[in-house]
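Chain residues, written in single-letter form:
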Amino acid sequence: CLRIMLFLRVVAVYGTLSDLLSVASNKLGIKATSVYNGKEIYLTKDHFVHFINVDPQTDVKFHEELTGSHTDWLTLNVGGRYFTTTRSTLVNKEPDSMLAHMFKDKDAWGNKQDHRGAFLIDRSPEYFEPILNYLRHGQLIVNDGINLLGVLEEARFFGIDSLIEHLEVAIKNSQPAEDHSPISRKEFVRFLLATPTKSELRCQGLNFSGADLSRLDLRYINFKMANLSRCNLAHANLCCANLERADLSGSVLDCANLQGVKMLCSNAEGASLKGCNFEDPSGLKANLEGANLKGVDMEGSQMTGINLRVATLKNAKLKNCNLRGATLAGTDLENCDLSGCDLQEANLRGSNVKGAIFEEMLTPLHMSQSVR
């Protein structure tokens, strides 16, 4: 409490030194800008003397402002750059942050000061400025050319939790949208030419939808989970390529070399694989286990020893295919055209052959020999 004595009038003033000066200016009709720091403070106007008596016991905050022992204003030296701010700015918005703990109580952390009395902080001034401005007004404002990741790292260092959330959202929004557009033949050929022959080419998960990849040498390439739907792969060399879980629906693979290919659980529904070669002279067998081959046209394909276990070939055309020694156990062959196929030593155990078309000359005896 401050007591202003003006011609025996007592006026109570609460607050800080600035509040006192404002009241004194209004009451005395002067512009009070400073006071004398003593037991009694004199503000003069004309030839009259007015007494302002300060009781430090009842206004500690005011006494600290007068003596400068705990001023709200302070200067920070952050990485060689000076920032002037208030203690309340550093403390109030994020009371649990490192900055708040550093400046909440004077010298609580033994803060080091330079020759100018500024508190030394060994951090990047470029990234500190947006943090200080956020503590001032609560808005995240970052100048052009400032890396948001750097600001985020500083925010984490100082423990400004609410700012961390803002920065993570801003970083996510600033990132360019992922380009899911299909890769063209020209782009892929350039990619192939830039890759050494002996290097493993990984195209896992890439989008080739609708691309013309016909007659290209695609041996040993990893197309796992790639989007190859509606692609033209006619006459392509896919020897030992990995097409596991790839999408080949509606694609054209006529006369393609598929020796030793891996097509486990791939989706080739409606694709055309006429005249393809799955037969590897070295004995490496193509693996199409669990593949979706509904409605595919594989007429005239060489598939000796192929693994089609539990694959779905419903309504597929396998006319005149060589399926000698093929594994068709558990395969869905419903309404499948198998006329003219060589099924000697093929394993059809547990397969669904409902409505399947076989060669008329295939006798029950031959069928019993084919099914194990």
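Residues numbered from 1 in each chain as written. Predicted model: local features only at pLDDT ≥ 70, side-chain atom pairs only at ≥ 80, totals over all residues. Heavy atoms only, no water.

Taking an unreviewed UniProt entry as the reference, the protein is identified by name as BTB/POZ domain-containing protein KCTD9 belonging to Chelonoidis abingdonii. The annotation that UniProt attaches to the protein under Function (unreviewed entry) is "Substrate-specific adapter of a BCR (BTB-CUL3-RBX1) E3 ubiquitin-protein ligase complex, which mediates the ubiquitination of target proteins, leading to their degradation by the proteasome." If you open the UniProt record of the protein and go to Pathway (unreviewed entry), you find "Protein modification; protein ubiquitination." (UniProt positions renumbered as here; feature names shortened; annotations may be inferred.)

Asker: What exactly am I supposed to notice about the environment of S124 here?
Answerer: With respect to the helices and strands, the residue S124 is situated in the loop between β7 (119-121) and α5 (125-137). By relative accessible area, S124 is classed as partly exposed at 24%. For the pair S124 and V151, spaced 27 residues apart in sequence, the C-alpha to C-alpha distance is 9.2 Å. Not counting residues up to four positions away in its chain, the partners in contact with S124 are V78 and E154. (Helix = DSSP H or I, 4+ residues; strand = E, 2+ residues; numbered from the N terminus. Buried < 20%, exposed > 50% of the residue type's maximum accessible area, 1.4 Å probe, protein only. Contact = heavy atoms within 4.5 Å.)

Asker: Looking at this structure, how should I read the sheet that holds strand β6 (residues 81-86)?
Answerer: The strands making up a sheet associate through hydrogen bonds between their backbones, and the pairing can be parallel or antiparallel. The strand order β6-β5-β7 describes an open sheet built from 3 strands, whose pairing is mixed. Every other strand in the sheet has two partners, leaving β6 and β7 as the edge strands with one partner each. Between one strand axis and the next, the sheet turns by 30 degrees as a mean value, whatever way the strands run. Where α5 meets the sheet, it contacts β5 (73-78) and β6, and its direction lies at approximately 10 degrees from that of β6. (Pairing = 2+ DSSP bridges. Axes fitted to C-alpha atoms, helices over the stretch in contact; angles between N-to-C directions.)

Asker: What should I look at first to understand the environment of N147 in this one?
Answerer: The residue N147 is located in the loop between α5 and α6 (148-158) in this model. Among the residues examined, N147 registers a relative accessible area of 41% and is labelled partly exposed. Separated by 24 residues in the primary sequence, N147 and I171 have C-alpha atoms spaced 9.4 Å apart.

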